[in-house]
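Chain and residue survey
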Number of protein chains: 2
Amino acid sequence: MTLKKSWVASANDPKHPFPLNNLPYGVFSTGDDEPRCGVAIGDMILDLAAAEAEGLVALADYPLFDVPYWNDLMEEGPAVWAALRDRLTALLAAGAKQRDAVEPLLVPMAEATLHMPLVVSEYTDFYAGRNHAFNVGTMFRGPENALPPNWLHIPIGYNGRASSVVVSGTPVRRPWGQLKSPDHALPAFLPCRRFDIELEMGAIVGTPSDGPITVQEADDHIFGYVLLNDWSARDIQAWEYQPLGPFQAKATATSISPWIVTKAALEPFRTDTPAREFELLDHLKDCGPMLYDIELEVTMAPEGKPATTIARTNYKEMYYSAAQQLAHHTTSGCPMNVGDLLGSGTISGATKPERGSLLELSWGGKEPLTLDTGETRTFIEDGDTLTLTGAARGEGYTIGFGDCVGKVLPALENPYQR
Amino acid sequence: MTLKKSWVASANDPKHPFPLNNLPYGVFSTGDDEPRCGVAIGDMILDLAAAEAEGLVALADYPLFDVPYWNDLMEEGPAVWAALRDRLTALLAAGAKQRDAVEPLLVPMAEATLHMPLVVSEYTDFYAGRNHAFNVGTMFRGPENALPPNWLHIPIGYNGRASSVVVSGTPVRRPWGQLKSPDHALPAFLPCRRFDIELEMGAIVGTPSDGPITVQEADDHIFGYVLLNDWSARDIQAWEYQPLGPFQAKATATSISPWIVTKAALEPFRTDTPAREFELLDHLKDCGPMLYDIELEVTMAPEGKPATTIARTNYKEMYYSAAQQLAHHTTSGCPMNVGDLLGSGTISGATKPERGSLLELSWGGKEPLTLDTGETRTFIEDGDTLTLTGAARGEGYTIGFGDCVGKVLPALENPYQR
């Protein structure tokens, strides 16, 4: 696959994240306008509500895009998803005869505010990156017992809080919580001291189901992908998570990138899942290349200072694909809905600079990182800005997601003295 | 508090679950009508959509009740909740001058179909009954280590699946899942063999919050209570739950009773939480009597046979109140929304016949129950109907919830061969 040329000149830069090959979906506003659906092309956003009103995009007898979420389009099903992509490609391709009609509907991205691109129905977070699970398990249980017994047989996960999912750019307030210091007999209610990121991808369910589905069906049900930062309060987590799993440690915020990159845009970047130590049971078996070659990066910038890259890894490091996670999610008959969000689990590569969390990068706080500014970090300090980026690299073009950014604000003084 | 007399004669029976003191809220339909809001009074349902259309109930400038959920009313806030209860009490009280206008709007409950009374925003399940936690912990870890270290300090819980919550009467299909028999080296994909109930109460959040709230605020935010059966696949749970907690084992279905009993109706039945082994931290401290004296019962009926009462207990057996659970839920800043549902956790009393799950009643399958029909049970068999009932008993009146019923259907033959 090579670059598809657009009449929007900035989209033809081989390093630009939003070429015609991408066409990611977001929700934007300018000034006091109501947020509405848009598609990114180069440095511009095509106002889809306006394009629909002008009759340039006509997929249904009712408006689909003059709303602040993509759920309505998802409800229309995969044939309409494909029709929209075809239509947008035609409208924005170099030489498109509708250019004169479309050009006035482009909004400079620099002038737009980006909002949550979907209404998250429910949110599930998995733990399906092998290096991450091995690293965390090694810290807590030693390398022999690092992976739980079920880990190589099912993509284990837990339900998170959809209400806590926020769009990139939303500041994140350091949480309070009940935690117990190792040297104290009793817990205390304190601001989190070990606040962390988790570098993940999020898969968005676009088709509902009401019973067990196969891995292939699950792949067909996925609408697209975002970058996802699962902010994690490690000290709260350590105290609360046995035996019911993470709860308040993961409920402060989960940031996602503002643009939903469609499965169609990622198709050329499919890669195989890794060799299986145990053969997967039939209902979870791989059906073709199910991961994607997406380069991922995390930077950290202390308040008012330049950013340092603290991790570089790749989505192809996952052990289980999003389709396998979704198939597992339905085994019990669990109904899945349009807008359900599935976090991949933290993505870490095999070597130290490829680790997707500070817990791993600083090895539980024992090995501080040195930033380019000379400062050191174990976990996040107040004022730090954490940024995730992702890029799939084709021949002469790049598929990007837009940054997934969050700045950590100091904890409230005392949430119970207002 | 004594019986408030109604002109609906059946409501004045001291054993009837729906006297004027109760006025629980549900969603009903008759024939081909659209489901809409109604309130139970004796053997009748007052059609609130019709009462609003007739101008008998006027709480807002827009219709609140001609919808198949109570979320819109909840959104109006506690002052409107109180105004509705006052108005309904006036309309239905013995001697009410509007009787002639109201009487034609009553629908016999026997002719109505009951639906989900709310849109569940998100669902959280706690583990806050001490006897249950002790029993389960004893089975798995022995009595000395029965309670996890955090248990006496926070109401531990996990996020469940809102999409799996169903109204009483909905059949429940025995799930398939990945599980590992103790005598096998590897897991297999099989129908659940240890399908179970959990006797719980559900609290419904009626007021949103966007940061930590106190226990008193949390109590004010609760709109009402339902009975809740957290269907549990014990063999799937045993294999999957470490280290991230229950997931598919709890995602098949969670049944709730059809009537939301308001906090106002339960007010006379408040009881104290138990003595605390460790003083709770300030943000979780009790503020007055926070539990309710509600008698709870579970019956089991094999296909075509009469029911046997298999457990009797009381909501006052809880260690943590719903308000304490909700307050804990917000400590991290987790946003809570109207329609969030909080399961109490399984409620068990101190003695064997007071245990709220088959896991405890049959002590992990080792001590089968004998039903009145002479049959024995360890876990649920296909065709069994499980029913939860609840009653708070006042002087000359009863506050009921309506039954929470579910019949277990056989597993699909093979969900992957369709």
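This structure is a prediction, so every number in the text was calculated from the model and none was measured. (Residues numbered from 1 in each chain as written. Chains lettered and ligands numbered in written order. Predicted model: local features only at pLDDT ≥ 70, side-chain atom pairs only at ≥ 80, totals over all residues. Heavy atoms only, no water.)

Observations regarding the sheet that holds strand β2 (residues 36–41) of chain B
Residue and element names in this part refer to chain B.
- In spatial order, the strands read β4-β3-β2-β1-β5; together these five strands make up an open sheet with antiparallel pairing. Of all the strands in the sheet, just β4 (106–108) and β5 (113–115) have a single pairing partner and so form its edges. Each strand of the sheet is rotated relative to its neighbour by a mean of 50°, with strand direction disregarded.
- Pairing analysis gives four bridges linking strand β1 (residues 25–29) to β2, with the strands arranged antiparallel. Looking across to β2, one finds that tyrosine 25 is bridged to valine 39.
- Sitting on the sheet, helix α3 (residues 78–92) is in contact with β1, β2 and β3 (44–47), with an inclination near 65° to β1. (Pairing = 2+ DSSP bridges. Helix = DSSP H or I, 4+ residues; strand = E, 2+ residues; numbered from the N terminus. Axes fitted to C-alpha atoms, helices over the stretch in contact; angles between N-to-C directions. Contact = heavy atoms within 4.5 Å.)

Quick look at the UniProt feature "binding site: Ca(2+)" (unreviewed entry) in chain A
All names here are of chain A.
- This chain's UniProt record puts "binding site: Ca(2+)" (unreviewed entry) on Asp125, Glu198, Glu200 and Asp230. In summary, the annotated positions, though distributed over 106 residues, converge in three dimensions, the widest C-alpha pair being only 10.8 Å. Those annotated residues from the list above that line the largest pocket are Asp125, Glu198 and Glu200.
- Of note, aspartate 125 is situated in strand β6 (residues 123–126).
- We classify aspartate 125 as buried; its relative accessible area is 1%.
- Once you skip the residues sitting within four places of it in the chain, aspartate 125 turns out to touch Gly157, Tyr158, Glu198, Glu200, Asp230, Gly343, Ser344 and Gly345.
- Polar side-chain contacts of aspartate 125 include one of 2.8 Å to the side chain of tyrosine 158.
- For glutamate 198, a relative accessible area of 5% translates into the label buried. (UniProt positions renumbered as here; feature names shortened; annotations may be inferred. 1 Å grid on protein atoms, 1.4 Å probe; cavity = no way out; pocket = protein on both sides within 12 Å on 5 of 7 lines; lining within 4 Å. Buried < 20%, exposed > 50% of the residue type's maximum accessible area, 1.4 Å probe, protein only. Polar contact = N/O pair within 3.5 Å; in protein donor to acceptor, adjacent residues only side chain to side chain.)

Some remarks on the interface of chain A and chain B
- The partner chain B presents 61 residues to the 60 residues of chain A that form the contact.
- A buried area of about 5400 Å², summed over both sides, lies between chain A and chain B, and 58% of it is on carbon and sulfur atoms.
- It is Arg161(A), Leu244(A) and Phe247(A) in chain A that bury the most area against chain B; as a group they hold 15% of the surface buried on that side.
- Scanning the region where chain A abuts chain B turns up four salt bridges.
- Arg161(A) is the partner of Asp340(B) in a salt bridge, and the nearest nitrogen-oxygen pair spans 2.7 Å.
- Summed over the shared surface of chain A and chain B, the result is 26 residue pairs in polar contact (both at pLDDT 80 or more). (Buried area = accessible area lost by both parts, 1.4 Å probe. Salt bridge = Lys/Arg side-chain N within 4 Å of Asp/Glu carboxyl O.)

What to know about empty space enclosed by the protein
- Within the structure shown, the criterion is met by three cavities of 30 Å³ or more.
- As a volume, the largest cavity reaches approximately 60 Å³.
- In this structure, the largest cavity is lined by Glu122(A), Tyr123(A), Asn159(A), Gly160(A), Arg161(A), Glu122(B), Tyr123(B), Thr124(B), Asn159(B), Gly160(B) and Arg161(B).
- Grouping the constituent residues of the lining of the largest cavity by class yields two nonpolar, five polar and four charged.
- Of the volumes computed, that of the second largest cavity is approximately 50 Å³. (Points joined across faces, edges and corners; volume = space filled by probe spheres on them. Nonpolar A, V, L, I, M, F, W, Y, C, P; charged D, E, K, R; others polar.)

What about the UniProt feature "binding site: substrate" (unreviewed entry) in chain A?
- Residues given the UniProt feature "binding site: substrate" (unreviewed entry) here are Tyr127(A), Arg141(A), Gln237(A), Tyr241(A) and Thr346(A). If you take the residues mentioned a moment ago, the ones lining the largest pocket come down to Tyr127(A), Arg141(A), Gln237(A), Tyr241(A) and Thr346(A).
- As for its placement among the helices and strands, Tyr127(A) is situated in the loop between β6 and α5 (130–141).
- Setting aside anything within four residues of it in sequence, one finds Tyr127(A) in contact with His132(A), Ala133(A), Val136(A), Trp151(A), Ile156(A), Ser344(A), Gly345(A) and Leu244(B).
- The residues contacting Thr346(A), other than those within four sequence positions of it, are Gly129(A), His132(A), Glu198(A), Leu199(A), Glu200(A), Gly356(A), Ser357(A) and Glu360(A).
- A polar contact is formed between the side chain of Thr346(A) and the side chain of His132(A), at a distance of 3.5 Å.

Focus: the side chain of Thr254(B)
Residue and element names in this part refer to chain B.
- Relative to the assigned elements, threonine 254 resides in strand β16 (residues 254–256).
- Among the residues examined, threonine 254 registers a relative accessible area of 0% and is labelled buried.
- Setting aside anything within four residues of it in sequence, one finds threonine 254 in contact with Tyr123, Ser164, Val165, Val166, Leu228, Asn229, Asp230 and Trp231.

Section: the environment of Asp372(A)
Residue and element names in this part refer to chain A.
- With respect to the helices and strands, aspartate 372 occurs in the loop between β23 (369–370) and β24 (376–377).
- Exposure remark for aspartate 372: the relative accessible area of 65% places this residue in the exposed category.
- Each C-alpha atom, one on aspartate 372 and one on aspartate 220, is 43 Å from the other, the two residues being 152 residues apart in sequence.
- Ignoring anything within four residues of it in the chain, the contact list for aspartate 372 reads Ala307 and Thr308.

A word on the pattern of salt bridges
Residue and element names in this part refer to chain A.
- For the structure shown, the criterion picks out 50 salt bridges over all chains.
- One salt bridge in this structure joins aspartate 286 and arginine 276, with 2.8 Å as the shortest N-O distance. Taken as a pair, aspartate 286 in the loop between β18 (270–271) and β19 (291–292) and arginine 276 in the loop between β18 and β19 lie far apart in primary sequence, 10 residues in all.
- Sharing partners across several salt bridges, the network here consists of Asp196, Glu198, Asp230, Arg234 and Lys250.

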